[in-house]
Amino acid sequence: MTELFETGDINARSAYIEKSFSRLNEMQKSAVTATEGPLLILAGAGTGKTTVLINRIAMLLLCGGAGMRVEPWQIIAITFTNKAAGELKTRLEALLGASAAGIWAHTFHSACVRILRRDADRLGYGKNFTIYDAEDSRSAVKKILKSTDTDETVFPPKSVLSEISRAKDSFLPAAEYLERAEQTGDIRKIRTGEIYKEYSELLKEANAMDFDDLIMNAVKLLAEHEDLREYYRNKFKYVLVDEYQDTNKLQYLLACELAGGHGNICVVGDDDQSIYKFRGAVVENILNFENEFKNARVIKLEQNYRSTGKILDAANAVIGNNTSRKGKTLWTKQDPGDKIVLYTAGDENEEARFIAAKIKDAAASGGNWRDNAVLYRMNAQSNRIEYAFKQSGIPYRIIGGTRFFDRAEIKDMLSYLSVLQTPSDDLRLLRIINTPARGIGRATIEAAAEIAEERGLSLFETVKNAGEYPELKRCAEKLSRFTEMIEKLAESAKILPLDELYDELIEKTGYIAALDEKGSEENKAKAENVRELKSSMIARKIGAGDDSLAGFLDEVALYTDTDNYDRDADCAVMMTIHSAKGLEFDTVFIAGAEEGVFPGLRAVGEKDEMEEERRLCYVAMTRAMRRLFITSAERRTLFGLTTANRLSRFVEEIPDEHIEKPLLLSAKKQIYEFSPKISDKAFVRRPARSEQKKEILVFDTGDRVIHKAFGKGTIVSMTPMGGDSLIEIEFDEAGKKRLMLRAAGENMIRE
DNA sequence: CGCACCACAATTTTT
DNA sequence: TTGTGGTGCG
């Protein structure tokens, strides 16, 4: 294909462009063909952003840029998620074949790792540095707090870490941060600065970098070393950044450094989908792009290929209430489609059952489970929905929560592997030195740590020569047995393929054996996970053709669970709105549309926060292709507290012609207050809409039920009472009980 | 040394 | 309400 460039035949080339880009709309075409200079592509949700990116790269490779041939290795495309980077790579390979392999398609973090692996020694790190994840960082801070007798309640590790993170984002190293803190005289800041300094030293000694360090050090490397800066600037003629609205200051700096030579920077993003301010994302990066880069072109993609008209109009209306935005209006050639449906339930349980019932209905008429997604603001909301799904037999998956690679047993194994590479990593060593138990107790470890501290040695070195220290004499044999094992394994690491090394590791450490010893269900699952890790290694060997320990650890360190979201599994999906960004579903449920939940309590009265919540709402709505349900509850119990929340303002912002509200809240309330004798059924739990599956949603006199605590029984009577119902149940075993339905319903199902 | 119990906190989390 | 992490006891 590259011959096309060689021939220089303009007609042939434009014929190719014509053919290959015929599926693109006009705006997409101009976004693809404007290869030179700074370009901002404002791509609304579902406007074919990835397609544009792919075609743009293909265009560069096939037709060159500015009359010059472009090589794959001259292009770098940076994304945020591994998934996005992987998708880019896969699609490019499909389009361009082997030549795609040379393109740098990376996440910010993995691109930085690649840069740092090459030259980290210039910053005083070993090239085989370890990557610390959030948990590692946390234990590092905790360790420092403990060793300096700092009260954790006064300096919570979490806030210390976010302060450190913010400092790094501002490109402020510990020494400078501390200096500035001292100037202000703010004792708290000074203390934080001291912790920051110790934290940096601890990581440096362990030859480790945290997530922020990866970016900061890459920027530092380029900023401080002209030869490297020139190397990358010359190398990368074309820099592309995806999800630009989510970049933080450091990432912006990195992009600038890389694109500083040729000035061909193309950023793609949507200011309306900026939802990571709390992680340091700076919307201004995208809002000010035209000021930062002179002669920047801006192309808006507004034609949406995902959703029906009403969904888009509703989303446009909601986001239109934000002021800090460039302004876009999504449109589609598709039909207007159905109205959005609002359902206000009595409480979160009924809300969950409504969602479950709707999904069952859809499945009954031939739909796939996987076409349904339930999105919520907080993970805490997922519980009731999960319960309802279980009750209705809906197969489901929850995205988020504990990641596979965050499980204790997996982190143990990874720590072993990491220590083989970097024995001086005290933090990781501490994790495994007595896991599984090998009789190295707390006292021994503390003594060793003290010696190490005094002599400026790593823990591993100290423990290795335990015989030399009287304090460790008693345990010396156990300790050296441990270090010998590690050293032997480290030798094996040099010669064995990764998966075989792993077998040996399991064998020598006796990890699985120790789990099997107390063969509880939990331990069986853990052992299974430990074995499962091996398949990740093999998969990597086959997939990426990489069999190196270092490569595996890198990938795993930068891995997240959303990467592993399997769209083929036929399950309904539940996740937070944040996790849903970039995904699409036929039917979407947005649960918890209440003031105080969504928008969250903290955003009420805060303009910027509220705008971010509104963007979140926009993201949620634009996930839906065909059907969108928004649900709320009149009363919601969250963290043990029951509150009555008003309907979310975002729902009120949707024009009436696009949303179906079954019954006005006030009207509903009147029914409750003035006609409590509508029936002796538990009207509290009855759905407002007649099409509900009553048998799931209400209990009635005479029903057979199973109660969590009292077992099987029959409902004898039900009396409406104060917005709830008093029910009497004759239990087979436990006798007659009087219960309030709202409470009992939680623990009770139909037999 | 391991387990059990209690206190405590709780938006969101691409890496 | 739920999960997690730290402490103290057996």
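Residues numbered from 1 in each chain as written. Chains lettered and ligands numbered in written order. Predicted model: local features only at pLDDT ≥ 70, side-chain atom pairs only at ≥ 80, totals over all residues. Heavy atoms only, no water.

### So, the environment of F293
Stated formally: A run of DSSP states H or I qualifies as a helix once it reaches four residues; a run of E qualifies as a strand once it reaches two. Both are numbered from the N-terminal end. Burial status follows relative accessibility: with a 1.4 Å probe on protein chains alone, a residue under 20% of its type maximum counts as buried, one over 50% as exposed, and anything between as partly exposed. In this description, contact between two residues means that some pair of their heavy atoms is separated by no more than 4.5 Å.
Among the secondary structure elements, F293 is positioned in the loop between α15 (289-292) and β8 (297-301). Overall, the relative accessible area of 13% leaves F293 in the buried class. Look past the residues within four positions of F293 in its chain and what remains in contact with it is P38, Y244, Y252, C256 and I265.

### A few points about the protein's contact with DNA strand B
Basically, it comes down to this: Neighbouring residues are identified by heavy atoms, a residue being near a molecule or strand if any of them is within 4 Å of it. Polar contact is the term for a pair of N or O atoms within 3.5 Å; when the atoms are in protein, one must be able to donate a hydrogen and the other to accept it, and sequence-neighboring residues count only if both atoms are side-chain atoms. Put simply, Ala, Val, Leu, Ile, Met, Phe, Trp, Tyr, Cys and Pro go in the nonpolar bin, Asp, Glu, Lys and Arg in the charged bin, and everything else, Gly too, in the polar bin.
Around DNA strand B, the surrounding shell holds 30 residues, and the nearest of these are R377, G441, K518, T560 and R602. Per the 4 Å cut-off to the protein, sugar and phosphate atoms form 52% of the nearby atoms of DNA strand B. Take N82: an N or O atom from its main chain is 3.0 Å from a phosphate oxygen of DNA strand B. Here R602 contributes a side-chain N or O atom positioned 2.4 Å from a phosphate oxygen of DNA strand B. Of the residues belonging to the surface near DNA strand B, the class tally is nine nonpolar, 12 polar and nine charged.

### Comments concerning the protein's contact with DNA strand C
The full set of residues close to DNA strand C is R138, K142, N383, F639 and G640. A share of 50% of the atoms of DNA strand C within 4 Å of the protein falls on sugar and phosphate groups. A per-class count over the surface near DNA strand C returns one nonpolar, two polar and two charged.

### Re the packing of aromatic side chains
Rule in force here: Side-chain rings of Phe, Tyr and Trp, where Trp is taken by its six-membered ring, are said to pair if the distance between their centres is within 6.5 Å; with planes under 30 degrees apart they count as stacked, over 60 as edge-to-face, and otherwise as tilted. Whether a charge sits over a ring comes down to the Lys NZ or Arg CZ being within 6 Å of the ring centre and within 35 degrees of the ring normal.
Here the structure, examined in full by the defined rule, presents 15 aromatic pairs. A centroid spacing of 6.3 Å and a plane angle of 70° characterise the contact between W104 and Y232, whose relative ring orientation is edge-to-face. Of this pair, W104 sits in strand β3 (residues 104-107) while Y232 sits in helix α12 (residues 226-235); the two residues are 128 residues apart in sequence, bridging distant segments of the chain. Neither W104 nor Y232 differs from the other in exposure class; each is buried. Seen in terms of ring centroids, Y343 and F354 are 3.9 Å apart; in terms of plane orientation they differ by 5°. Their pairing is stacked. Residue Y343 is found in strand β9 (residues 340-345), and its partner F354 is found in helix α17 (residues 348-364); the two are separated by 11 residues along the sequence. An identical accessibility class is assigned to Y343 and F354; each is buried. Chaining the aromatic ring pairs together yields one cluster made of W104, Y231, Y232 and F236. Its guanidinium or amino end placed over the ring of Y231, R118 lies 4.4 Å from that ring's centre, counting from NZ or CZ.

### Some remarks on the pairing of strand β13 (residues 585-590)
Going by this rule: DSSP-based pairing: two strands are paired if at least 2 bridges between them are found. Look down the strands so they point away from you; if the path from the first strand over the helix to the second goes clockwise, the crossover is right-handed.
Counting buried residues in β13 gives six out of six residues, a clear majority hidden from the surface. Across four bridges, the pairing between strand β10 (residues 372-376) and β13 is parallel. By the bridge assignment for β13, L375 is matched with I590. Sheet topology note: the β13/strand β14 (residues 624-633) ladder contains five bridges and is parallel. Residue pairing across strands places T587 opposite R627, the latter belonging to β14. On the question of chirality, the crossover connecting β13 to the parallel β14 by way of helix α29 (residues 607-621) is right-handed.

### A look at a negative patch on the surface
To keep things clear, this is the line we draw: Two joining distances apply to patches: 9 Å for like charges and 5 Å for nonpolar side chains (Val, Leu, Ile, Met, Phe, Trp, Tyr), and every residue must have over 30% relative accessible area and no salt bridge. Only the protein chains shown count as covering a residue, and every accessible area follows the Shrake-Rupley method with a 1.4 Å probe. We define a salt bridge as a side-chain nitrogen of Lys or Arg found within 4 Å of a carboxyl oxygen belonging to Asp or Glu. None of His or the chain ends enter the tally, which takes Lys and Arg as positive and Asp and Glu as negative. By convention, the charge on Lys lies at NZ, on Arg at CZ, on Asp at CG and on Glu at CD.
Together, E198, E201, E205, E446, E450, E453, E454 and E471 give the surface a local cluster of negative charge. Counting residues per element, the negative patch draws most heavily on helix α21 (residues 442-455), at four residues. Along the polypeptide, E446 turns up in helix α21.

### Some points on the packing of helix α11 (residues 211-224) against α12
Cut-off, in case you're wondering: For helices, the fitted line uses only the C-alpha atoms of the stretch in contact; every axis is such a line through C-alpha atoms, and the angle between N-to-C directions lies from 0 to 180 degrees. Relative orientations are named as follows: roughly parallel for angles under 35 degrees, roughly antiparallel for angles over 145 degrees, roughly perpendicular for angles from 65 to 115 degrees, and oblique for any other angle.
Here α11 crosses α12 at 105°, and the two axes come no closer than 5 Å. By the angle between their directions, the pair α11 and α12 is classed as roughly perpendicular. Residues L221, L222, A223 and E224 of α11 form the contact with α12, whose own contacting residues are E226, L228, R229 and Y232. Of the residues in the contact of α11 with α12, the class split is five nonpolar, no polar and three charged.

### Some words on the confidence of the model for chain A
Note the following rule: Confidence of the predictor at the level of single residues is captured by pLDDT, which takes values from 0 to 100.
Averaged over chain A, the pLDDT score is 87; the fraction of residues at 70 or greater is 89%. For chain A, helix α32 (residues 694-697) is the element with the lowest average pLDDT, namely 29, and β13 is the one with the highest, namely 98. Within the model, pLDDT remains below 50 along residues 669-697, and this stretch shows 58 contacts once partners closer than five positions in the same chain are excluded.

### Considerations on the pairing of strand β16 (residues 641-644)
Where strand β15 (residues 635-638) meets β16, four bridges bridge the pair, whose relative direction is antiparallel. Looking at the pairing, R635 lines up with A644 of β16.

### Some details on unusual backbone geometry
Geometrically, the link from T435 to P436 is a cis peptide bond, its omega value of -5° lying close to zero. In this structure, P436 sits in the loop between α20 (426-432) and α21. In this structure, the amide linkage connecting F598 to the following residue, P599, adopts the cis form with an omega of 10°. As for its placement among the helices and strands, P599 is situated in the loop between β13 and α29. Phi at N207 takes a positive value of approximately 55°, unusual for a residue other than glycine. Locating N207 in the fold gives a position in the loop between α10 (187-205) and β5 (208-210). The class for N207 is buried, based on a relative accessible area of 10%.

### Here we look at the pattern of salt bridges
Under the defined criterion, the tally for this structure stands at 47 salt bridges. The salt bridge involving D136 is made with K411; its shortest N-O contact spans 3.9 Å. On the criterion of sequence distance, the pair formed by D136 in helix α7 (residues 134-147) and K411 in helix α19 (residues 408-421) is long-range, its members being 275 residues apart. For the pair D136 and K411, a shared accessibility class is recorded, and that class is buried. A salt bridge links E243 to K581, with the nearest nitrogen and oxygen atoms 3.5 Å apart. Here E243, found in the loop between β6 (238-241) and α13 (249-259), pairs with K581, found in the loop between α28 (577-580) and β13; they are 338 residues apart in sequence, far enough to count as distant. Like K581, E243 is buried. Several salt bridges share partner residues, and in doing so they unite D133, E135, D136, K411, D412, R428 and R431 into one network.

### Some points on the nonpolar core
General note: in soluble globular proteins, nonpolar side chains tend to be found buried as a group. Applied cut-off: To form a nonpolar core, buried Ala, Val, Leu, Ile, Met, Phe, Trp, Tyr and Cys residues must be joined to one another through side-chain atoms within 4.5 Å.
Of all hydrophobic cores here, the largest spans 48 residues; its most connected members are L414, L417, F482, Y502 and L533. Filtering out sequence-adjacent residues up to four positions away, L414 remains in contact with F405, L533, F552, L553 and V556. The next biggest cluster of nonpolar side chains, apart from the first, holds 45 residues, and it includes V113, I215, I265 and A296.

### A short note on the environment of L172
Topologically, L172 is positioned in the loop between α8 (157-169) and α9 (174-184). For L172, a relative accessible area of 11% gives the class buried. Through-space distance from the C-alpha of L172 to that of M216 is 9.2 Å; in sequence the pair is 44 residues apart. Residues in contact with L172, not counting those within four places in the same chain, are A167, Y177, R180 and Y196.

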